[in-house]
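Chain and residue survey
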Amino acid sequence: MTLARAPGEAGKTAGKKTVRTDGATAQEQLLDAAQDLFYREGIRAIGVDAVVERAGVNKMSLYRQFSSKEELVVAYLNRMDERFRRRVEASFALHPDDPAKQLVQGIDDLVRRASAPEYRGCPFVNVACEFSDPAHPARQSVARNKQYLMRRLVEIATAAGAANPAELADALALLVDGIYATSQTYGPGSGPMRAASRVAALLVADACPPSVAEQKEREAP
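These figures come from a predicted structure and were not determined experimentally.

1. Comments concerning the overall build of the protein chain
Regarding its fold elements, the protein chain presents 10 helices and 2 strands. Written out in order from the N terminus, the α and β elements of the protein chain read β-β-α-α-α-α-α-α-α-α-α-α. Taken over 221 residues, the protein chain has a buried fraction of 43%. Residue pairs in contact within the protein chain that sit at least 24 positions apart in sequence constitute 64% of those at least 6 positions apart. Carbon and sulfur atoms make up 54% of the accessible area of the protein chain, which totals about 12,000 Å².

2. What to know about the pattern of salt bridges
Tallying each qualifying case throughout the model produces 13 salt bridges. The residue Glu89 makes a salt bridge to Arg152 at a minimum N-O spacing of 2.8 Å. Placement of the pair is Glu89 in helix α4 (residues 69-92) and Arg152 in helix α7 (residues 137-159), with a sequence separation of 63 residues. Residue classification places Arg152 among the buried residues on the basis of a relative accessible area of 15%. Among the ionic pairs, Glu155 bridges to Arg152, the shortest N-O distance being 2.7 Å. Taken together, the positions of Glu155 and Arg152, both in helix α7 and 3 residues apart, correspond to about one turn of that helix. You can call Glu155 partly exposed: its relative accessible area is 36%. Several salt bridges share partner residues, and in doing so they unite Asp36, Arg40, Glu41 and Arg54 into one network.

3. Here we look at the packing of aromatic side chains
Each aromatic ring pair is summarised here by two numbers: the centre-to-centre distance and the angle between the ring planes. Applying the stated criterion across every chain, the model contains 2 aromatic pairs. Centroid distance Phe84 to Tyr148: 6.2 Å. Interplanar angle 85°. Geometry classified as edge-to-face. Of this pair, Phe84 sits in helix α4 while Tyr148 sits in helix α7; the two residues are 64 residues apart in sequence, bridging distant segments of the chain. On the accessibility criterion, Tyr148 (5% relative accessible area) is buried.

4. Observations concerning the packing of α4 against helix α6 (residues 123-130)
At their nearest, the axes of α4 and α6 sit 10 Å apart, and the two run at 150° to each other. Taken together, the residues of α6 that come into contact with α4 (itself represented by Tyr76, Leu77, Met80 and Asp81) are Pro123, Phe124 and Val127. Grouping the constituent residues of the contact of α4 with α6 by class yields 6 nonpolar, no polar and 1 charged.

5. Focus: the nonpolar core
Buried together is how nonpolar side chains tend to be arranged in soluble globular proteins. Within the largest apolar cluster, 60 residues are counted, with the highest numbers of intra-cluster contacts made by Phe38, Val51, Leu72, Leu103, Ile107, Leu172 and Ile179. At the level of elements, α1 (23-41), α2 (48-55), α4, α5 (99-114), α6, α7, α8 (165-185) and α9 (191-207) are the ones that each hand at least two residues to this core. Sorting elements by how many residues they give to this core places α4 first, with 9 residues. Of the residues that make up this core, three or more belong to each of domain 1 (21-67) and domain 2 (77-209). The contact partners of Leu103, leaving out residues within four places of it in the chain, are Leu153, Ile156, Ala157, Leu168, Leu172 and Val204.

6. Let's talk about the UniProt feature "DNA-binding region" (unreviewed entry) in the protein chain
The UniProt record annotates "DNA-binding region" (unreviewed entry) at residues 47-66. In this annotation, residues 47-66 is assigned 75% helix and 0% strand; the end-to-end C-alpha distance for the span is 14 Å.

7. A closer look at α8
The end-to-end C-alpha separation of α8 is 30 Å, in line with the 30 Å expected for 21 residues at 1.5 Å each. The set of residues buried in α8 consists of Pro165, Leu168, Ala169, Leu172, Ala173, Leu175, Val176, Ile179, Tyr180, Thr182 and Ser183. Two residues or fewer after α8 comes Gly187, characterised by a positive phi angle close to 95°.

8. Quick word on the environment of Ala159
Mapped onto the fold, Ala159 is located in helix α7. Assessed through its relative accessible area of 56%, Ala159 is described here as exposed. Sequence separation between Ala159 and Pro99 is 60 residues; the distance between their C-alpha atoms is 6.2 Å.

9. Things to note about the state of the cysteines
Within this structure, the stated rule accounts for 0 disulfides. Left unpaired, Cys122 is separated from the closest cysteine sulfur, that of Cys129, by 9.7 Å. The buried category is assigned to Cys122, whose relative accessible area is 3%.

What counts, and at which threshold
Residues numbered from 1 in each chain as written. Predicted model: local features only at pLDDT ≥ 70, side-chain atom pairs only at ≥ 80, totals over all residues. Heavy atoms only, no water. Helix = DSSP H or I, 4+ residues; strand = E, 2+ residues; numbered from the N terminus. Buried < 20%, exposed > 50% of the residue type's maximum accessible area, 1.4 Å probe, protein only. Contact = heavy atoms within 4.5 Å. Areas by Shrake-Rupley, 256 points an atom, 1.4 Å probe, with all protein chains shown as cover. Salt bridge = Lys/Arg side-chain N within 4 Å of Asp/Glu carboxyl O. Phe/Tyr/Trp six-rings, centres within 6.5 Å; stacked < 30°, edge-to-face > 60°. Axes fitted to C-alpha atoms, helices over the stretch in contact; angles between N-to-C directions. Nonpolar A, V, L, I, M, F, W, Y, C, P; charged D, E, K, R; others polar. Core = buried A, V, L, I, M, F, W, Y, C linked by side-chain atoms within 4.5 Å. Domains from an automatic or database assignment. UniProt positions renumbered as here; feature names shortened; annotations may be inferred. Expected span 1.5 Å × (residues − 1). Disulfide = S-S within 2.5 Å.

Written out as structure tokens, the structure reads:
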């Protein structure tokens, strides 16, 4: 998404004193505020006035950066998608030479993240629940996020030698969304949450041949 650029500086009012805030700073403050409010309270429940107040800028600053609330929502989701991808790739990178372990590590790390007290589930699942129209820009952001995850799961399952990479990716994607839901229903530390890593390990072991190191371990006297 192309963001509108401020032609100059945006004003910010603190008491009776006007503080000048450059466009890039105002944009970050608005996105920080939107992320906090949209993620905790939901998008439909939060108006632009609440975002502006939390960001500490004036409404003109918002409309210099984003032409509408819808554009702000998409920018928020783009930011969340970028951070999600960094976390996922960091998990996979822990086992550069063992794709099977990469898949299990990704689930392990998600369970840990979803067990944090402030965790409010997957922002993309939350948005999908709020916007039913698949043509809505917010839902298109959801689709891009899920397509990325599925593509990476299939790629790594293929590298791990899975007999049916797409089938394993489907099962792990279902487990991922189950973790998201469980974090908000049963809660962190619950039995279903603790079971997720074990289930992932079983799915991967059933679908993929053992690595060379695992084979040696099994053959050792």
